[in-house]
Amino acid sequence: MKLAVLAALFGSAAAFAPAQTGKTTTALNAFESELGAQPPLGFFDPLGLLDDADQERFDRLRYVEIKHGRIAQLAFLGNIITRAGVHLPGNIDYAGNSFDSFPNGWAAISGPDAISGSGLGQIVAFVGFLELFVMKDVTGEGEFVGDFRNGALDFGWDKFDAETKLSKRAIELNN
């Protein structure tokens, strides 16, 4: 018992010890002032993907980051909506199966009540179509990397001032 009390005493004293600081470097990173590098993390590249990278490589990785972040947000939103009980009306196939007759989440893809393999194939083909032909700057009119409006969709973006646009882009990157 005395040993346990002594160990607890020494363990609590460690909370008041000065924190060790990591190694500091004087090497400047070329991308530390890019959009998205903001507190509390600042420029965050834990895998070193941008070590010795040029602007073209940074733009490509930023493009992929934005595209996949948007896809993840849409997938999450779709999962939340279907779990809330909101489904498309009508039937999903000619056999008369309605959209709400299939389970939510991963159970809709694999399991006893999952959609058929051909249905899953159609979903994969549709996502591939979006990846190759829609979710990119087709016209070359993009204001920034990740601008997929292609001269058609606006939703009021052009009405914002430059500072608001930068703020909204930073919020998207950090979410």
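For the structure itself, look to the data block above.
Residues numbered from 1 in each chain as written. Predicted model: local features only at pLDDT ≥ 70, side-chain atom pairs only at ≥ 80, totals over all residues. Heavy atoms only, no water.

Draft legend 1. Structural detail: the overall build of the chain. Broken down by element type, the chain carries 4 helices and 0 strands. Taken from the N to the C terminus, the helices and strands of the chain come in the order α-α-α-α. Every one of the 175 residues in the chain was classed for burial, and the buried ones make up 13%. Sequence-distant contacts in the chain: of pairs separated by 6 or more residues, those separated by 24 or more amount to 36%. Accessible surface, the chain as shown: approximately 13,700 Å² in total, 63% of it carbon and sulfur. (Helix = DSSP H or I, 4+ residues; strand = E, 2+ residues; numbered from the N terminus. Buried < 20%, exposed > 50% of the residue type's maximum accessible area, 1.4 Å probe, protein only. Contact = heavy atoms within 4.5 Å. Areas by Shrake-Rupley, 256 points an atom, 1.4 Å probe, with all protein chains shown as cover.)

Draft legend 2. A nonpolar patch on the surface, seen in detail. On the surface, a cluster of nonpolar side chains totalling about 680 Å² of accessible area is made up of Ile123, Phe126, Val127, Phe129, Leu132, Phe133 and Val134. On the secondary structure map, Phe129 appears in helix H3 (residues 117-134). (Patch = residues over 30% accessible without salt bridge, like charges linked within 9 Å, V, L, I, M, F, W, Y side chains within 5 Å. Salt bridge = Lys/Arg side-chain N within 4 Å of Asp/Glu carboxyl O.)

Draft legend 3. Structural context of helix H4 (residues 162-174). Here H4 spans 19 Å end to end across 13 residues, near enough to the 18 Å set by a 1.5 Å rise per residue. Listed in full, the buried residues belonging to H4 are Lys165, Ala170 and Leu173. The arc enclosing the buried residues of H4, seen along the axis, measures out at 130°, which places them on a common side. The inward-facing, buried residues of H4 contact helix H2 (55-83). (Expected span 1.5 Å × (residues − 1). Arc of directions from axis to C-beta.)

Draft legend 4. A look at the environment of Asp147. As for its placement among the helices and strands, Asp147 is situated in the loop between H3 and H4. Sequence separation of Asp147 and Met135 is 12 residues, and the distance between their C-alpha atoms is 9.3 Å. In this structure, Asp147 is in contact with Asp137, Glu141 and Gly142, ignoring residues within four places of it in sequence. Here Arg149 takes part through its side chain, which lies 2.9 Å from a polar atom of the side chain of Asp147. (Polar contact = N/O pair within 3.5 Å; in protein donor to acceptor, adjacent residues only side chain to side chain.)

Draft legend 5. Seen up close, the side chain of Arg70. Tracing the sequence through the fold places Arg70 in helix H2. A polar atom in the side chain of Arg70 sits 2.8 Å from the backbone oxygen of Gly146. If sequence neighbours within four positions are ignored, Arg70 has contacts with Gly146, Phe148 and Glu172.

Draft legend 6. Structural context of unusual backbone geometry. Here Pro39 and Pro40 are connected by a cis peptide whose omega angle stands at 5°. The backbone phi angle of Asp52 is positive, close to 60°, even though this residue is not glycine. The topology assignment puts Asp52 in the loop between helix H1 (2-13) and H2. Judged by its relative accessible area of 83%, Asp52 is exposed.

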